[in-house]
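In case you want the letters, here they are:
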Protein chains: 2
Amino acid sequence: MIHDDLPAMDNDDFRRGKPTNHVLYGDDVAILAGDAMLSTAFEYVAANTKGVAAERVVQVLRMLGESVGPMGLAGGQVMDLKCEGQPDVGIDTLQWIHTYKTAALLKAAVCCGAALAGASDEDLARCETYANKIGLAFQVADDILDVTASTEELGKTAGKDLDADKTTYPKLLGLDRSREVARELVDEAKAALEPYGERAAPLLGLADYIISRSN
Amino acid sequence: MIHDDLPAMDNDDFRRGKPTNHVLYGDDVAILAGDAMLSTAFEYVAANTKGVAAERVVQVLRMLGESVGPMGLAGGQVMDLKCEGQPDVGIDTLQWIHTYKTAALLKAAVCCGAALAGASDEDLARCETYANKIGLAFQVADDILDVTASTEELGKTAGKDLDADKTTYPKLLGLDRSREVARELVDEAKAALEPYGERAAPLLGLADYIISRSN
C-alpha cells in the first residue's frame, strides 16, 4: 500500500482518510518502509508459528511469496500499468490483472490460514476458488465505487480510474451489469464453501461485505 | 538494488556499467520489480529446500526476513538517509548504519548457508562475527573507492558520497587510517573462522577480496 501510494505509482496523498507514508516521511523512507514491512511479514510468519508443523510453515511462506511476486500482486500491477491508456483492453485481460493484482493476496490470506490449520489439498482448492472469486468481486466493487462514491466516503481520491484512462468493469460492461457480475462472483465464492456449512459463516459474511462496503 | 537506484533514493543511472532498472522501465515498474524480487527470494527458499529439515528452512526464512527489515537493510538505510548532511555523525553511528545497511545482508548470506548445512548455534555465532566484520570492511572499502576510483572503474557514479554530504570513514579517519581499519576488520573476520582451518578457505579468500576489489 505504501509503495502503491507513491508519486511514481498511483500517487495518492490519502489512504483511509489519512496522509500517506510518503507525504509524511518522503518517498525514500516510504520505499524503505514498504520493503521493511514486506520482509517483516515473512519473518513474522517464520518466528510466530511455533506450534505448527514446520512443513506447514514452509508451505505458507511459499504461498505468501508467490502471492506478491511476478505471478502475484507485483505482476498484476505491472500488467495494470502497461494497460493504462490502451484502448483494446478486454474483459479477459482485465480479469487476469485482477486475479494477480488483487485476488492473489486474498488467496494467500485465506489459504495460508487454512494451511496453518491443517487443511487438506481439497480444502485448499476450495479456499482458493473462494478467494479468487471474492478477489475479483472486490475489484469490480472497487471499480464501481471509484465511479459512484465521493472522495470523502472513499477516504482516498475518487475518480482516479477515469483520470488515468483505465479500463474498468463499469467501462466495459456498464454499472448495472458490473453490479450483477460482482453479485455472481460472490455467489460462486460462497458455493465453493458449501460443504463446510455453518462453519464457513465468517467467510460467507466476508464475501457479502466485500460488495456491500461503501469505502 | 533496484530500489536503491531510484531517483527518490540514491538516484543512480548506472550499476555495474549498465543502465539501472528505472532508466529502462520507469520508476513504477522498478518499484514493483524490487517488490517482486524480494518476495520471490522467500518463495525460492521455501520451494527449493526439499532435502533440508523444515525447521531449518523456517529458521533461514526468519533470518532472511530480519536481514532486510527494520533491524536490517531497510533500517540501516533509513538511518543513513537521516544522517545525510548532519555534521555530528560519529564513528558509532556510522558503524551502526553499516552493520544494518550492509553487514546484515552478508550475515544472512553466510548464516543461511551455514544453517541449511546443519550448523550448530556456536557455528552460527562464528559465522555471524565473520559476516559482521566483512560487512563493515566492505563498507569501509566502498567509502574508500568512492573517493579514489573513477566512475569508469566503479561501473557506477563515483564521488556520490561527497556530493551527498555524507559522513564516511575517509572523512572521519582519513584515507590511510580507513585502509588500516578495513585490514583489521578482515583479520578479525578471518580469526573468527580459525577453528575450521582449511575448510574455511573460500570464506577467508572472500574476506581478502572484499578490501582488494577495485569496483
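Identification of chain A as Geranylgeranyl pyrophosphate synthase from Emiliania huxleyi is taken from an unreviewed UniProt entry. Under the UniProt heading Sequence similarities (unreviewed entry), the entry covering chain A gives this text: "Belongs to the FPP/GGPP synthase family." Heading Cofactor (unreviewed entry) of the UniProt record for chain A holds this comment: "Mg(2+)".

Residue and element names in this part refer to chain A. Domains assigned within chain A are domain 1 (1–48) and domain 2 (53–212). Using only C-alpha atoms to locate each centre, domain 1 and domain 2 end up separated by 20 Å. Taken together, both faces of the contact between domain 1 and domain 2 bury some 990 Å²; the carbon and sulfur share is 63%. When the buried surface of domain 1 facing domain 2 is broken down by residue, Asp12, Phe42 and Val45 rank first, second and third, together holding 45% of it. Linking domain 1 to domain 2 there are 0 salt bridges. Where domain 1 packs against domain 2, one counts 1 residue pair in polar contact (both at pLDDT 80 or more). Counting only elements with at least two residues in the side of domain 1 that touches domain 2, the list comes to β1 (14–15) and α2 (27–47). Element by element, the count of residues in the side of domain 1 that touches domain 2 is highest for α2, at 5 residues. Residue composition of the side of domain 1 that touches domain 2, by class: 6 nonpolar, 2 polar and 5 charged.

Take the relation of the copies chain B and chain A next. In the superposition of chain B on chain A (RMSD 0.0 Å, axial shift 0.0 Å), the rotation amounts to 180°. Such values leave the two copies arranged in the relation of a two-fold axis. When each C-alpha of chain B is compared by its distance to the rotation axis, Ala54 of chain B comes out closest, at 2.6 Å. A high fraction, 100%, of the interface residues of chain B reappear at the interface in chain A, so the copies pair face to face through one surface.

Moving on, we get to the interface of chain B and chain A. Of the residues lining the interface, 35 residues belong to chain B; the matching set on chain A comes to 35 residues. For the pair chain B and chain A, the two sides together bury roughly 3,000 Å², of which 78% comes from carbon and sulfur. Linking chain B to chain A there are 0 salt bridges. At the junction of chain B and chain A, the tally comes to 2 residue pairs in polar contact (both at pLDDT 80 or more). When residues of the side of chain B that touches chain A are traced back to their parent elements, those giving at least two are α2 (27–47), α3 (54–68) and α4 (73–83) of chain B. For the side of chain B that touches chain A, the element with the most residues is α2 of chain B, which contributes 14 residues. Class assignment for the residues of the side of chain B that touches chain A results in 21 nonpolar, 6 polar and 8 charged.

With that out of the way, let us pick up the confidence of the model for chain A. Model confidence for chain A is summarised by a mean pLDDT of 92, while 93% of its residues fall at 70 or above. Within chain A, helix α7 (residues 151–154) of chain A has the poorest average pLDDT of any element, 64, and α2 of chain A the best, 98.

Within the structure shown, the criterion is met by 28 salt bridges over all chains. With its nearest N and O atoms 2.8 Å apart, the salt bridge here joins Lys101 of chain B to Asp80 of chain B. Linking Lys101 of chain B in helix α5 (residues 91–116) with Asp80 of chain B in helix α4, this pair joins segments that are 21 residues apart in sequence. This pair shows no difference in class: Lys101 of chain B is buried, exactly as Asp80 of chain B is. Each of the salt bridges in this network shares a partner with another, and the network as a whole consists of Arg183, Asp187, Lys190 and Asp208 of chain A.

About the criteria used
Residues numbered from 1 in each chain as written. Chains lettered and ligands numbered in written order. Predicted model: local features only at pLDDT ≥ 70, side-chain atom pairs only at ≥ 80, totals over all residues. Heavy atoms only, no water. UniProt positions renumbered as here; feature names shortened; annotations may be inferred. Domains from an automatic or database assignment. Buried area = accessible area lost by both parts, 1.4 Å probe. Salt bridge = Lys/Arg side-chain N within 4 Å of Asp/Glu carboxyl O. Polar contact = N/O pair within 3.5 Å; in protein donor to acceptor, adjacent residues only side chain to side chain. Helix = DSSP H or I, 4+ residues; strand = E, 2+ residues; numbered from the N terminus. Nonpolar A, V, L, I, M, F, W, Y, C, P; charged D, E, K, R; others polar. Least-squares fit on C-alpha atoms with pLDDT ≥ 70 in both. Contact = heavy atoms within 4.5 Å. pLDDT = per-residue confidence, 0-100. Buried < 20%, exposed > 50% of the residue type's maximum accessible area, 1.4 Å probe, protein only.

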